[in-house]
Amino acid sequence: MLWVKTFHIVFIASWFAGLFYLPRIFVNLAMVNPDSVAERERLLLMARKLLRFMTLLAVPALGLGLWLWLGYGIGLGPGNGWMHAKLAVVVVLIGYHYACAQLLRRFEAGANRRGHRWFRWFNEVPVLLMVIAVALVVIKPF
């Protein structure tokens, strides 16, 4: 079980690195001068590659988490309300990941209508979600 937990943590940390950085690329894309085609294309390439890589990291992170939960029974049974809350956070994270993919598609289509300030705030969402998830797992408040 400790190996499964170790790899779960490593893949979660790696996935979060992507969730932190991809919106930062969006900030830069939103600030690109319309005349700067090369800069825009370079940032779009970086964003596409990062999205693909972080998706590959999310799959084992989620799979290992399911293994810990259902295979080893971590968070099962009475007195484990924290796990329900953590699973809700995970669902929101998956939605955030999906939202990032949709935002990238808009940038690729030249249809982005949001400014860099909006993306700066959007970039803070995974930080807040990570703090909540870690607190739930470590403190187990309910």
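Now for a quick tour of the structure.

Along the chain, the regular secondary structure elements total 5 helices and 0 strands. Reading the helices (α) and strands (β) of the chain from amino to carboxyl end gives α-α-α-α-α. Along the first, second and third principal axes, the C-alpha set of the chain runs to 60 × 25 × 20 Å. Here the chain holds 142 residues, and the buried ones make up 34% of them. Looking at the chain as shown, the accessible area adds up to about 8500 Å², and 70% of this sits on carbon and sulfur atoms. Once the 15 positive and 5 negative side-chain charges of the chain are each reduced to a mean point, those two points are 11 Å apart.

In terms of nonpolar packing, the biggest core is built from 32 residues, with Trp 15, Leu 19, Leu 22, Phe 26, Leu 29, Met 54 and Leu 93 touching the most fellow members. Broken down by secondary-structure element, the contributors of at least two residues to this core are α1 (2–31), α2 (37–71), α3 (81–109), α4 (116–122) and α5 (125–139). Residue contributions to this core peak at 10 residues, all from α3. Apart from the residues within four sequence positions on either side, Leu 22 is in contact with Ala 47, Leu 50, Leu 51, Met 54 and Cys 100.

A few words on a nonpolar patch on the surface. Residues Met 1, Leu 2, Trp 67 and Tyr 72 make up a contiguous nonpolar surface patch of about 440 Å² in total accessible area. Relative accessible area serves as the criterion here: at 45%, Trp 67 is assigned to the partly exposed category.

Right, let's talk about the side chain of Asn 112 for a bit. For Asn 112, the position within the fold is in the loop between α3 and α4. The class for Asn 112 is buried, based on a relative accessible area of 18%. Those residues in contact with Asn 112 that lie beyond four places of it in its chain are Ala 30, Arg 106, Phe 107 and Phe 119.

This paragraph deals with the packing of α1 against α3. When two helices pack together, you describe them by how their axes are tilted relative to each other and by the distance separating the axes. Where α1 contacts α3, the two axes come as close as 11 Å, and the packing angle between them is 35 degrees. Seen from above, α1 lies across α3 with left-handed handedness. Along the contact surface, α1 presents His 8, Trp 15, Phe 16, Leu 19, Leu 22, Pro 23, Phe 26, Leu 29 and Ala 30, while α3 presents Lys 86, Leu 93, Ile 94, Tyr 96, His 97, Cys 100, Leu 103, Leu 104 and Phe 107. Of the residues belonging to the contact of α1 with α3, the class tally is 15 nonpolar, 2 polar and 1 charged.

Moving on, we come to α3. Taking 1.5 Å as the rise per residue, α3 with 29 residues should run 42 Å; its terminal C-alpha atoms sit 43 Å apart, in good agreement. Once α3 ends, the next one or two residues include Gly 110, with phi positive near 70 degrees.

What follows covers the packing of aromatic side chains. Tallied over the full model, the rule gives 10 aromatic pairs. Here the aromatic rings of Tyr 96 and Phe 122 are separated by 4.4 Å at their centres, their planes lie at 20 degrees, and the arrangement is stacked. Placement of Tyr 96 in helix α3 and of Phe 122 in helix α4 is noted, with a sequence separation of 26 residues between them. The exposure classification of Tyr 96 matches that of Phe 122, with both residues buried. Between Trp 118 and Phe 119, the ring centres sit 5.0 Å apart and the planes meet at 90 degrees, which makes this aromatic pair edge-to-face. The ring of Trp 118 carries Arg 114 above its face, with NZ or CZ at 4.0 Å from the centroid.

Criteria and cut-off values
Residues numbered from 1 in each chain as written. Predicted model: local features only at pLDDT ≥ 70, side-chain atom pairs only at ≥ 80, totals over all residues. Heavy atoms only, no water. Helix = DSSP H or I, 4+ residues; strand = E, 2+ residues; numbered from the N terminus. Buried < 20%, exposed > 50% of the residue type's maximum accessible area, 1.4 Å probe, protein only. Areas by Shrake-Rupley, 256 points an atom, 1.4 Å probe, with all protein chains shown as cover. Lys, Arg positive; Asp, Glu negative; His and termini not counted. Charge placed at Lys NZ, Arg CZ, Asp CG, Glu CD. Core = buried A, V, L, I, M, F, W, Y, C linked by side-chain atoms within 4.5 Å. Contact = heavy atoms within 4.5 Å. Patch = residues over 30% accessible without salt bridge, like charges linked within 9 Å, V, L, I, M, F, W, Y side chains within 5 Å. Salt bridge = Lys/Arg side-chain N within 4 Å of Asp/Glu carboxyl O. Axes fitted to C-alpha atoms, helices over the stretch in contact; angles between N-to-C directions. Left-handed = near helix turned anticlockwise from the far one by under 90°. Nonpolar A, V, L, I, M, F, W, Y, C, P; charged D, E, K, R; others polar. Expected span 1.5 Å × (residues − 1). Phe/Tyr/Trp six-rings, centres within 6.5 Å; stacked < 30°, edge-to-face > 60°. Lys NZ or Arg CZ within 6 Å of the ring centre and 35° of its normal.

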